[in-house]
Structures are given as C-alpha cells and as structure tokens.
Amino acid sequence: EADIYQTPRYLVIGTGKKITLECSQTMGHDKMYWYQQDPGMELHLIHYSYGVNSTEKGDLSSESTVSRIRTEHFPLTLESARPSHTSQYLCASTKTGLNTEAFFGQGTRLTVV
Amino acid sequence: GENVEQHPSTLSVQEGDSAVIKCTYSDSASNYFPWYKQELGKRPQLIIDIRSNVGEKKDQRIAVTLNKTAKHFSLHITETQPEDSAVYFCAASPGGSNYKLTFGKGTLLTVNP
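Conventions adopted
- Residues numbered from 1 in each chain as written.
- Chains lettered and ligands numbered in written order.
- Predicted model: local features only at pLDDT ≥ 70, side-chain atom pairs only at ≥ 80, totals over all residues.
- Heavy atoms only, no water.
- Pairing = 2+ DSSP bridges.
- Helix = DSSP H or I, 4+ residues; strand = E, 2+ residues; numbered from the N terminus.
- Axes fitted to C-alpha atoms, helices over the stretch in contact; angles between N-to-C directions.
- Contact = heavy atoms within 4.5 Å.
- Buried area = accessible area lost by both parts, 1.4 Å probe.
- Salt bridge = Lys/Arg side-chain N within 4 Å of Asp/Glu carboxyl O.
- Polar contact = N/O pair within 3.5 Å; in protein donor to acceptor, adjacent residues only side chain to side chain.
- Nonpolar A, V, L, I, M, F, W, Y, C, P; charged D, E, K, R; others polar.
- 1 Å grid on protein atoms, 1.4 Å probe; cavity = no way out; pocket = protein on both sides within 12 Å on 5 of 7 lines; lining within 4 Å.
- Points joined across faces, edges and corners; volume = space filled by probe spheres on them.
- Buried < 20%, exposed > 50% of the residue type's maximum accessible area, 1.4 Å probe, protein only.

Q: Please set out the sheet that holds strand β6 (residues 56-59) of chain B residue by residue, giving values where relevant.
A: All names here are of chain B. The antiparallel open sheet is built from five strands, whose spatial order is β1-β3-β8-β7-β6. Edge positions in the sheet fall to β1 (4-7) and β6, since each has one partner strand and no second. Strand-to-strand twist of the sheet, defined as the mean angle between neighbouring strand axes without regard to direction, takes the value 15°. The pairing of β6 with strand β7 (residues 62-67) spans four bridges and is antiparallel.

Okay, structure coming up:
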C-alpha cells in the first residue's frame, strides 16, 4: 500500500548521541518535508526537498541535517542530541502539479534526556 | 515566500453549532488551498481542498470558501459533533515544481456535548 513511513515511532536517547530519524514514501512523490510539532500544535518546517539532491532549510532554525539521495528516502540526522530537541517530528510528501495534497507519516516522538 | 495566517487559534462550540476557521495568504500566485485535520495522537490528514478557479466547495458537513481578491479562505463545519474535535490546519501553495506547501499555525476546535 502506498504510504509514508517513519521509524522509529518513539525514541528516548541520551544527550550528545547521534540519531537519524527515517522517512520513506512509496507514492513516488518528488517533494518531501520535515516538520517539528510541539504540544503547542504549530507545524514548524525545518527542512524540505524538491527532489533528489535538493535540500533546503525551512522556516525554523534547526541543528539537524537531511539528505535526499533517493526519491523515496529523506532521513533527518541530529549529530548531537540535546534536551531542546525533544519534540514530535513529522515527515510529509507531496507531488508537483495541480494536486499537491500532502501525506504525513505517523511521526517520531523524540525525547532527549 | 508565502505567509499563511490562521484564526482563531482556539475555538469552542456546542454540539450542533457551526464552526468557522479563517485563513489569509500573502502570495497571489497561490492556487491550491487544502485543509487538514489532526486528531489527538494522529497525523494530519486532508479533509477538503479548493483551487483558485472555484469559489466554494462542499463535502457533507464541511465547506470551504475562497476569495482570491481578498486573499482569504475559510473552513465551515455545520452541525458539529464531538468527533470534529481536533486541530485544523489551513495551507496554501502555488503548486509549481519549486514551491512548497505553507501551513497556518492551526486551530484547536473543541466541540462540547
């Protein structure tokens, strides 16, 4: 079934650790996004990609990095996790064209202790 | 870039009443305006969308209206039910290959039985 998958769903990790949040989509979408969502509910765009080898920083400053080597894969990496990185991270994808409906993954709830 | 303002941030109504959420956008090139619903603990999902060549669209109890001249669009929910309680996001996009979907900050709708 075409969908967008995020792993892990939940992660508790110690300060200073390097982590990678995985996001894969099987819908053939060219655009992908990472959002940070705190309990205050706003979706903060932290990274996006228009296609392979294209990555841009979003509106919210983030210490994370992303890569887009394959169309279906858009991992997000934190080189050194801090408690301020504790949040929900949502991955999304859209296709270019008239219908640009965004599909979201289930999210990764990250806690840095 | 595009800027989307959404109001109100919270909305509480009695079951059976109507709810209206309003959004304004800044980029006159935007031509696609979706609305997403995010239930507690779940991912945002598209509930209705409208394109700039249409002024109004209905789907059962929900409707969206668009005023391109004034650059604003609204979500209308009639006969609200407790299961309508959620966070609602509006968004706007020009839909081209180098444009991204921009979200409003969200509205927490609570329907009281």
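Q: Tell me what's going on with the interface of chain B and chain A, and back it up with residues and numbers.
A: Taken together, the contact between chain B and chain A spans 23 residues of the former and 25 residues of the latter. Of the roughly 2000 Å² buried between chain B and chain A on both sides combined, carbon and sulfur atoms contribute 53%. Of all residues in chain B, Arg43(B), Lys100(B) and Phe103(B) bury the most surface against chain A, accounting for 31% of the area lost on that side. Taken together, the connections running from chain B to chain A amount to one salt bridge. The shortest N-O distance in the salt bridge between Arg43(B) and Asp3(A) comes to 3.2 Å. Linking chain B with chain A are five residue pairs in polar contact (both at pLDDT 80 or more), by the criterion used here. For the side of chain B that touches chain A, the secondary-structure elements that each account for two or more residues are β4 (32-38), β5 (45-51), β9 (86-92) and β11 (107-112) of chain B. In terms of residue count, β4(B) provides more of the side of chain B that touches chain A than any other element does, three residues in total. Looking at the side of chain B that touches chain A residue by residue, the class counts come to ten nonpolar, nine polar and four charged.

Q: Describe the layout of surface pockets, naming the residues involved and giving the relevant values.
A: Approximately 430 Å³ is the volume found for the largest pocket. Around the largest pocket sit 19 residues that line it, and Gln37(A), Arg109(A), Gln38(B), Leu40(B) and Gly41(B) are the ones nearest its centre. Tallied by class, the residues present in the lining of the largest pocket amount to seven nonpolar, seven polar and five charged. Empty space within the second largest pocket amounts to approximately 320 Å³. Residue contributions to the lining of the second largest pocket peak at three residues, all from strand β5 (residues 43-51) of chain A.

Q: How would you sum up empty space enclosed by the protein? Please name residues and give values.
A: The tally for this structure, following the rule as stated, stands at one cavity of 30 Å³ or more. Volume-wise, the largest cavity comes out at about 30 Å³. Taken together, Lys31(A), Tyr33(A), Thr94(A), Thr100(A), Ser93(B), Tyr99(B), Lys100(B) and Leu101(B) form the lining of the largest cavity.

Q: Explain the environment of Thr110(B) to me, and be specific about the residues and the numbers.
A: Residue and element names in this part refer to chain B. Inspection of the secondary structure puts Thr110 in strand β11. By relative accessible area, Thr110 is classed as partly exposed at 32%. The contacts of Thr110, once residues within four sequence positions are left out, are Leu11, Ser12, Val13 and Ser85.

Q: Give a detailed account of the pattern of salt bridges, specifying residues and quantitative values.
A: All names here are of chain B. As enumerated under the stated definition, the model contains eight salt bridges over all chains in all. Residues Lys37 and Glu39 are paired through a salt bridge, measuring 3.4 Å at the closest nitrogen-oxygen approach. Judged by relative accessible area, Glu39 falls into the partly exposed class, the value being 31%. For Lys57, the salt bridge goes to Asp49, with nearest N and O atoms at 2.9 Å. Via salt bridges that share partners, Lys37, Glu39 and Lys42 belong to a single interconnected network.

Q: Any details on unusual backbone geometry? Residues and values, ideally.
A: In this model, Thr7(A) is joined to Pro8(A) through a cis peptide bond whose omega is -10°. Locating Pro8(A) in the fold gives a position in the loop between β1 (4-7) and β2 (10-13). Put simply, His7(B) and Pro8(B) share a cis peptide bond, and its omega is -5°. As for its position among the elements, Pro8(B) is in the loop between β1 and β2 (10-14). Within the chain, Asn53(A) stands out as a residue other than glycine whose phi angle is a positive 65°. Checked against the element boundaries, Asn53(A) lands in the loop between β5 and β6 (54-57). Backbone geometry at Gln60(B) places phi at a positive 60°, although glycine is not the residue there. Structurally, Gln60(B) can be placed in the loop between β6 and β7. Gln60(B) sits in the exposed class, given a relative accessible area of 77%.

Just geometry here; none of it tells us what the structure is for.
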